[in-house]
Amino acid sequence: MDQHASHAADNRRVEDVRLITGAGTFAADWQAAGQLHACFVRSDRAHAEIVALDAAQVRAYPGVRLVLTGEDAVQAGHLHAPHAFTYPGRNGMKARAPARPALAARRVRFVGEAVALVVADTAAAARDAAERVRIDYRDLPAVPLAEDALAAGAPQLHDDVPGNCAFEVEAGEEAPVAAAFAGAAHIVHLKVESTRVAPSPMEPRACLVVHDAAQDSYRFNVCTQGITALRKQLSDYTGVPEDKLVIEARDVGGGFGQRTPAYPEYCALMLAARATARPVKWVSTREEGFLADTHGRSNIIDGKLALDGDGRFLAMRLDWINDMGAYLSPVAPGHIRNTVACMTGVYRIPALYETFRVALTNTTPIGSYRGAGRPDIAYIVERLVNAAAIELNMDAADLRRRNFIPLAAFPYKTPTGSTYEIADLRGVFDKALKLADWVGFAGRRSKAAAAGRLRGIGIATVIENTGPGNSPIDEAEIVLDASGTITVYVVAKSQGQSHETTYPIIVANALGVPPANVKLVECAPGTQLRGSATTGSRSTVGAGSACHLAAQKLIEEGKALAALELNLEPSQVDYAQGVFSSAESKRRITLADLGKAKPLAVKGGGAFGATFPNGCHIAEVEVDPETGRPEVVSYCAVDDCGVIIHHGIVEGQLHGGVVQGAGQVFGEHMFYDRQSGQPLTASFLDYVMPRAGLIRDIRAEEYATPSKISPLGVKGVGESGCTASVPVLVAAVMDALRPLGVTHLEMPLTPSRLWQAMQAAAIRG
Ligand code: MCN
């Protein structure tokens, strides 16, 4: 066990009691004196012109204070949702980013798009009035599927996005890949879909906006993954300077990437707060969440892997269609960046090339979703590797072992430009094979077969980047105040990752004091600290490292102040376990007493690049041939996230991630009617979330290779579980059905889909 884990031995998390006893403060809990309530009128069709919008009658309705429409948003200039395709695409192409007024003007492009905003004295009055807003639409043909949207002659969503193609971009080099394919002994080809999912955090979105007329500034209480990114995006969207936007968030009930962007609703609420001169509050319903919160994934990937006669990988080509929904979200391009960063996976593949076509469709915009491209790239790469093992009649583990990047090759520069710092792939792999008893599988399969069940095993060996983050610098501030309290400030924002436990441990370990003596404040309103939002599993690397460095600075600056108090030279002062002392003079002063005499505030931080956590997951699934019901009967995971700060939290993050991936594999799917563009799974009746019993027992073990990117030796872990569980669980199901001749299925692997595949295979004979 490393030094940083020592204070966390009892595994308790500081925030748990507050959160599980209902004492949290979530976005909807905020109230402001005199607040009004908002309700959005949303489009009930996927693609239509707004012919007329009659709000006159509604404006006169009792309790109604304001009705805003798309024209108001256009007039205010709340028009251009920011996006991050700021780099040139294929042949120098510039991204075509369509305007997105905060309320739809003249045309709607997806079911659930906000068309008008009604503000009233009560939430009920706002809802009643919103139902009475009359909108006449002229329906237009809809294209909810990305491949349809990119096809010649498809209905066009935006005049300035010809062919519904917002961007084309490529990575790697095409010529060496083509040459390697020409000389390959084997080529495997697969086209798969990484399905569209609705992230669905527990806390529905909510936002309270207060406009200060004197300062012309806005104050928000909102569920967010970090205020710095949100502040910048809101400013870009509305033109209001960042220093006029103050954002406050306390507890956030899940984010999964979906709580990052500046949603148009927030910009419409700003207009309402300004126009009414009253605070305006909006709390989303769950149904609105399905329709208007960003979705995740939704990629179609055509992949080819070339191998030599000995099963060595020669080259890989991937052609992606990235569905982005009706508009570009500010965070969507992150998927592409991440798939490029990890394209080679854990394998030495000398030549790589991939293309991306970013499609706009009549669906809810796509944003980041836990993993943001890493589960997608891991899914296609691992499925190709499994297909290759079948083609070559090799054991899936042997084929992987043959192609791993060897330990001696680290730091490893990939053909698509990443530098993997350090990973002991064989070490992780061997530990996982042993944990899962890989070699004993044949016996378990026979036993299951004797009981009339189809048993399969899957393996996934994955690596992911924990992102450079949306700020080049991460900072933390530590204040030692006159009461002797140590408070640490960061701009990351926990949504369930237990930062309130983690950062105090980091600071306490550096200072040699109990973690209980250190308090954390995340995202203090108005803070000017720099740092990334809690995205890309980089908070421990970024904000955590900054906390560590700030604590070291506190010791150094504390020594100078202690020297003054003790009438010594700073060089005569030592520090250990919360006490400044001098061996010669026997004088001493505690950290707390120093704070009382000389309060101190220090800032620490730096630029911490991407780390590359990796893992090997092995799962076994049994399928009931009578009903098609799959059951995960074994799940083993060995992960390397570097030095671990808190083992219990890491385990929890892995479990959560694994089950989140399993949700996509077995049930979750945002599904649209191909003709009308109506979402058919926009409630928990139809959208199948994973239940607690889906994976009953996850056996997780650690394998640490410390990272030098962070002074703590940490790598990220928040998304690792779902990056690995998507490919491994699909592989296990496919392996179970392979003896029947089923070779390819798309997610979600529902009982009915499996049953139908088995029936079709039986008919084929
Ligand atoms: N940790 C550790 N040692 C390490 C790395 C991490 O002890 N070497 C622990 C720390 O306690 C830290 C936690 O793991 O608080 C997560 O750390 P990290 O990997 O840095 O991830 P972030 O804090 O940046 O969290 C982001 C990540 C992402 S991107 C998504 S999406 C996600 C996730 O975390 N969404 C979550 N986990 C989630 N968990 C919950 N409950 N809810 C979400 O919305």
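Reading guide: rules and limits
- Residues numbered from 1 in each chain as written.
- Predicted model: local features only at pLDDT ≥ 70, side-chain atom pairs only at ≥ 80, totals over all residues.
- Heavy atoms only, no water.
- Helix = DSSP H or I, 4+ residues; strand = E, 2+ residues; numbered from the N terminus.
- Expected span 1.5 Å × (residues − 1).
- Buried < 20%, exposed > 50% of the residue type's maximum accessible area, 1.4 Å probe, protein only.
- Lys, Arg positive; Asp, Glu negative; His and termini not counted.
- Salt bridge = Lys/Arg side-chain N within 4 Å of Asp/Glu carboxyl O.
- Polar contact = N/O pair within 3.5 Å; in protein donor to acceptor, adjacent residues only side chain to side chain.
- Contact = heavy atoms within 4.5 Å.
- Domains from an automatic or database assignment.
- Buried area = accessible area lost by both parts, 1.4 Å probe.
- Axes fitted to C-alpha atoms, helices over the stretch in contact; angles between N-to-C directions.
- Parallel < 35°, antiparallel > 145°, perpendicular 65-115°, else oblique.
- Left-handed = near helix turned anticlockwise from the far one by under 90°.
- Nonpolar A, V, L, I, M, F, W, Y, C, P; charged D, E, K, R; others polar.
- Phe/Tyr/Trp six-rings, centres within 6.5 Å; stacked < 30°, edge-to-face > 60°.
- Lys NZ or Arg CZ within 6 Å of the ring centre and 35° of its normal.

Trainee: Quick rundown of helix 15 (residues 499-511)? Include the residues and the values.
Mentor: In an α-helix, one full turn covers 3.6 residues, which means residues spaced three or four apart are oriented alike. For helix 15, which comprises 13 residues, the first-to-last C-alpha distance of 18 Å matches the rise-based estimate of 18 Å (1.5 Å per residue) to within 8%. The element helix 15 is extensively covered by neighbouring structure, given that 11 of its 13 residues are classed as buried. Of all the residues in helix 15, the buried ones are His499, Thr501, Thr502, Tyr503, Pro504, Ile505, Ile506, Val507, Ala508, Asn509 and Leu511. Directly after helix 15, the chain includes Gly512, whose backbone phi takes a positive value near 70°.

Trainee: Which residues make up the side chain of Arg370, and what are the values?
Mentor: For Arg370, the position within the fold is in the loop between strand 15 (351-359) and helix 11 (374-392). Salt bridges are absent for the buried Arg370, whose nearest opposite-charge side chain, Glu719, sits at 6.5 Å. Side chain to side chain, Arg370 and Gln660 meet in a polar contact 2.7 Å long. If we ignore the near neighbours within four places in the chain, the residues touching Arg370 are Phe256, Arg297, Pro375, Gln653, Gly656, Gly657, Gln660, Gly718, Glu719 and Cys722.

Trainee: Give me the lowdown on the domain arrangement of the chain, citing residues and values where you can.
Mentor: The assigned domain composition of the chain is domain 1 (421-466 + 610-765) and domain 2 (468-606). Between the C-alpha centres of domain 1 and domain 2 there is a distance of 39 Å. Tallying the contact residues gives 17 residues for domain 1 and 17 residues for domain 2. Of the roughly 1,300 Å² buried between domain 1 and domain 2 on both sides combined, carbon and sulfur atoms contribute 68%. When the buried surface of domain 1 facing domain 2 is broken down by residue, Thr466, Ile645 and Leu712 rank first, second and third, together holding 37% of it. The interface formed by domain 1 and domain 2 contains zero salt bridges. Connecting domain 1 to domain 2 are three residue pairs in polar contact (both at pLDDT 80 or more).

Trainee: Which residues make up the packing of helix 18 (residues 647-666) against helix 19 (residues 720-737), and what are the values?
Mentor: One way to put it is that helix 18 packs onto helix 19 with a least axis distance of 7 Å and a crossing angle of 45°. By the criterion of interaxial angle, the relationship of helix 18 to helix 19 is oblique. Helix 19 is crossed by helix 18, and the crossing has right-handed handedness. Residues Leu654, Gly657, Val658, Gln660, Gly661, Ala662, Gln664, Val665 and Phe666 of helix 18 pack against Ser720, Gly721, Cys722, Ser725, Val726, Leu729, Val730 and Val733 of helix 19. Taken together, the residues of the contact of helix 18 with helix 19 sort by class into 10 nonpolar, seven polar and no charged.

Trainee: Lay out the packing of aromatic side chains with the relevant residues and their values.
Mentor: Scanning the entire structure with this criterion turns up 16 aromatic pairs. Ring centres of Phe313 and Tyr347 lie 5.3 Å apart, and the angle between their planes is 80°; on these two criteria the pair is classed as edge-to-face. With Phe313 in strand 14 (residues 313-323) and Tyr347 in the loop between helix 10 (334-341) and strand 15, the pair connects residues that are 34 residues apart, well separated along the chain. Neither residue differs from the other here; Phe313 and Tyr347 are each classed as buried. Their ring planes at 55° and their centres at 4.7 Å tell us that Tyr575 and Phe580 sit as a pair that is tilted. Comparing Tyr575 with Phe580, the two get one shared label, buried. Linked through ring pairs, Phe313, Tyr347, Phe404 and Phe429 together constitute an aromatic cluster. Its end group placed over the ring of Tyr263, Arg205 keeps NZ or CZ at 3.5 Å from the ring centre.

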